[in-house]
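These are the residues of each chain, in order.
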Amino acid sequence: MAEERPRERSAEDLAGLRAWAAVTVRQAHELWPQVQENPREAVFPLVVEHLTTLERLLPEVFSYAPSGGQFLRAAGRDRLPLAEGQVPVTDPLLTLVWAEVETEALRSAYYPGARRFGEHVAADVVPDAPGSGADLLSVLPGGEAPAAVVHVSCHGVAGPSPIRSALSPADGELTVARILDEAAPATAPGAAGPLVVLSACETDLSTGDHDEALTLSTALVARGAADLVGSRWAVDDCATAPMTAVFHHFLADEGLAAPDALRSAQLWMLDLERRPPPGMAERLRREAHRADLGELPPVDGFHPPGQSGAGA
């Protein structure tokens, strides 16, 4: 079979992409107060104004870095093989109904040997760790037991200042400040890093600075993640659960890189004729047939700061 060559971009494609980027940057300061109040309504004028460009770019995969330095560091990292350990973290506070459904579905379908962190009620098992802030830091690069995949399903919040943005582990808060202050010794340039999925609200949002340079997501990229999936606003856990299951299907079963797997999962959500992938848990299969699934916040709320895709 002949190898498929990547489609070459026309001058029109490139001009459209530059125009979209230029307008977005030019209007960013003006739109920022609206974005803080309602991000979906604030970006709507841009979508309408450049609908043709957006439609042409719909199948494309985008990831971003808030600075050139972070982009170079992330792009220069190898990805740890998925087989080198996985840690799904289930809401330690027992306040998210779908958190255990989500993490147990991932463990059952894709990562049967994964360590369990957090609280488990339905599974009736003793977790490997309670899911404290120290537990989470221990599975990051330089920690006591680093993993290749860390999937965190818990509460997240963008704080009044960027360093106070936090996840909600078993022992209170894991803030941006703590992630950076308790960083392990720096790894060698190009050292392999894990995939970290923050299945939580506002994990790549800064309420204090419009440049998004310091968030939970960017702090974890600075901490050594090669790929990271974070959210730009509040997300619904019952809709996030099937999307993350499909994301891991494309990642583990189809062999896609994390940015490509996320985009494929988002397109699956938008497909009115979507079908659950093989091995999806029954409770998630029922959610997969919801007519409104593609209209819910997780579809466009999650995105991948870090590497840019396969071969990066």
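Student: Provide a residue-level description of the overall build of the chain, including the pertinent values.
Tutor: Scanning the chain for helices and strands turns up twelve helices and nine strands. Residue pairs in contact within the chain that sit at least 24 positions apart in sequence constitute 74% of those at least 6 positions apart. As displayed, the chain has an accessible area near 15000 Å², and 55% of this comes from carbon and sulfur atoms.

Student: I'd like a description of the sheet that holds strand 4 (residues 156–157), backed by residues and values.
Tutor: Reading across from one edge, 4-5-6 is the order of the three strands in this open sheet, with antiparallel pairing throughout. The open sheet has two edge strands, strand 4 and strand 6 (174–175), and neither has a second partner. Note: strand 4 against strand 5 (residues 166–167), two bridges, orientation antiparallel. From the neighbouring strand, Val157 faces strand 5, where its bridge partner is Ala166.

Student: Hey, could you go over the nonpolar core for me, with residue numbers and the actual values?
Tutor: Ranked by internal contacts, the top residues of the largest apolar core, which has 35 residues, are Leu195, Phe247, Leu251, Trp268, Met280 and Leu284. For this core, the secondary-structure elements that each account for two or more residues are helix 5 (99–109), strand 7 (195–199), helix 9 (237–253), helix 10 (258–270) and helix 11 (282–288). For this core, the leading source of residues is helix 9, giving nine residues. Excluding anything up to four places from it in sequence, Trp268 contacts Pro242, Val246, Arg274, Arg275, Pro276, Pro277, Met280, Ala288 and Leu293. If you look at the next biggest cluster of nonpolar residues, it comprises 26 residues, including Val139, Val176, Ile179 and Ala225.

Student: Quick one: what's the story with the pattern of salt bridges, residue by residue and with numbers?
Tutor: Per the counting criterion, the structure on display carries seven salt bridges. The partner of Arg178 in a salt bridge is Asp171, and the shortest N-O contact between them spans 3.9 Å. Its salt-bridge partner being Arg290, residue Asp292 comes within 3.1 Å of it at the nearest N-O pair. In this structure, a network of salt bridges that share partners links the residues Asp171, Arg178 and Glu182.

Student: Which residues make up the environment of Met280, and what values do they have?
Tutor: With respect to the helices and strands, the residue Met280 is situated in the loop between helix 10 and helix 11. Considered as a pair, Met280 and Tyr110 are 170 residues apart in the sequence and their alpha carbons are 9.6 Å apart. For Met280, the residues in contact, after removing those within four places along its chain, are Pro242, Ala245, Val246, Trp268, Arg285 and Ala288.

Student: Account for the packing of aromatic side chains, naming residues and giving values.
Tutor: To describe a pair of aromatic rings, one takes the distance between the centres and the angle between the planes. All chains considered together, the criterion is met by one aromatic pair. Residue placement shows Arg274 over the ring face of Trp268; its charged tip is 5.8 Å from the ring centre. In this structure, Arg283 packs its charged tip against the face of Trp98, placed 4.5 Å from the ring centre.

Student: Outline the pairing of strand 1 (residues 86–90), listing residues and values.
Tutor: With five of five residues buried, strand 1 lies mostly within the body of the structure. Side-chain alternation along strand 1 places Gln86, Pro88 and Thr90 on one buried face and Val87 and Val89 on a second face that is also buried. Relative to strand 3 (residues 149–153), strand 1 runs parallel, the two sharing five bridges. Residue pairing in the sheet places Val89 in a bridge with Val152 of strand 3. The pairing of strand 1 with strand 2 (residues 117–118) spans two bridges and is classified as parallel.

Student: Explain the environment of Leu94 to me, and be specific about the residues and the numbers.
Tutor: Relative to the helices and strands, Leu94 is located in the loop between strand 1 and helix 5. Measuring from C-alpha to C-alpha, the distance between Leu94 and Gly118 comes to 8.9 Å, with 24 residues separating the pair along the chain. For Leu94, the residues in contact, after removing those within four places along its chain, are Glu119 and Val121.

Student: Could you give me a rundown of the state of the cysteines, with the residues and numbers involved?
Tutor: On inspection of all chains with the given rule, the structure shows zero disulfides. There is no disulfide at Cys201, and the cysteine sulfur nearest it, in Cys154, is 9.7 Å away.

Student: If you had to explain the pairing of strand 7 to someone new, which residues and values would you point to?
Tutor: Of all the five residues making up strand 7, five are buried; the element is thus mostly covered by neighbouring parts of the structure. Bridge analysis of strand 7 against strand 8 (residues 227–231) gives three bridges, and the strand direction is parallel. Counted as the bridge partner of Leu195 is Asp227 from strand 8.

Student: Tell me about the confidence of the model for the chain, residues and numbers included.
Tutor: Of all residues in the chain, 72% have pLDDT values of 70 or greater, and the mean over the chain is 80. Per-residue pLDDT stays below 50 along residues 1–9; that stretch engages in five contacts with residues further than four places along the chain or on separate chains. Under a pLDDT of 50 for its full length, residues 40–57 has, in the predicted model, 29 contacts with residues more than four places off or in other chains.

Student: Go over the packing of helix 9 against helix 10, please, and point to the residues and values.
Tutor: Between helix 9 and helix 10, whose axes approach to 8 Å, the crossing angle comes to 130°. With respect to their mutual orientation, helix 9 and helix 10 come out oblique. Seen along the crossing, helix 9 lies across helix 10 with a hand that is right-handed. Together, Ala239, Pro242, Met243, Val246, Phe247, Phe250 and Leu251 of helix 9 and Ala258, Ala261, Leu262, Ser264, Ala265, Gln266, Trp268 and Met269 of helix 10 make up the contact between the two elements. Residue classes in the contact of helix 9 with helix 10 are distributed as 13 nonpolar, two polar and no charged.

Cut-offs applied
- Residues numbered from 1 in each chain as written.
- Predicted model: local features only at pLDDT ≥ 70, side-chain atom pairs only at ≥ 80, totals over all residues.
- Heavy atoms only, no water.
- Helix = DSSP H or I, 4+ residues; strand = E, 2+ residues; numbered from the N terminus.
- Contact = heavy atoms within 4.5 Å.
- Areas by Shrake-Rupley, 256 points an atom, 1.4 Å probe, with all protein chains shown as cover.
- Pairing = 2+ DSSP bridges.
- Core = buried A, V, L, I, M, F, W, Y, C linked by side-chain atoms within 4.5 Å.
- Buried < 20%, exposed > 50% of the residue type's maximum accessible area, 1.4 Å probe, protein only.
- Salt bridge = Lys/Arg side-chain N within 4 Å of Asp/Glu carboxyl O.
- Phe/Tyr/Trp six-rings, centres within 6.5 Å; stacked < 30°, edge-to-face > 60°.
- Lys NZ or Arg CZ within 6 Å of the ring centre and 35° of its normal.
- Disulfide = S-S within 2.5 Å.
- pLDDT = per-residue confidence, 0-100.
- Axes fitted to C-alpha atoms, helices over the stretch in contact; angles between N-to-C directions.
- Parallel < 35°, antiparallel > 145°, perpendicular 65-115°, else oblique.
- Left-handed = near helix turned anticlockwise from the far one by under 90°.
- Nonpolar A, V, L, I, M, F, W, Y, C, P; charged D, E, K, R; others polar.

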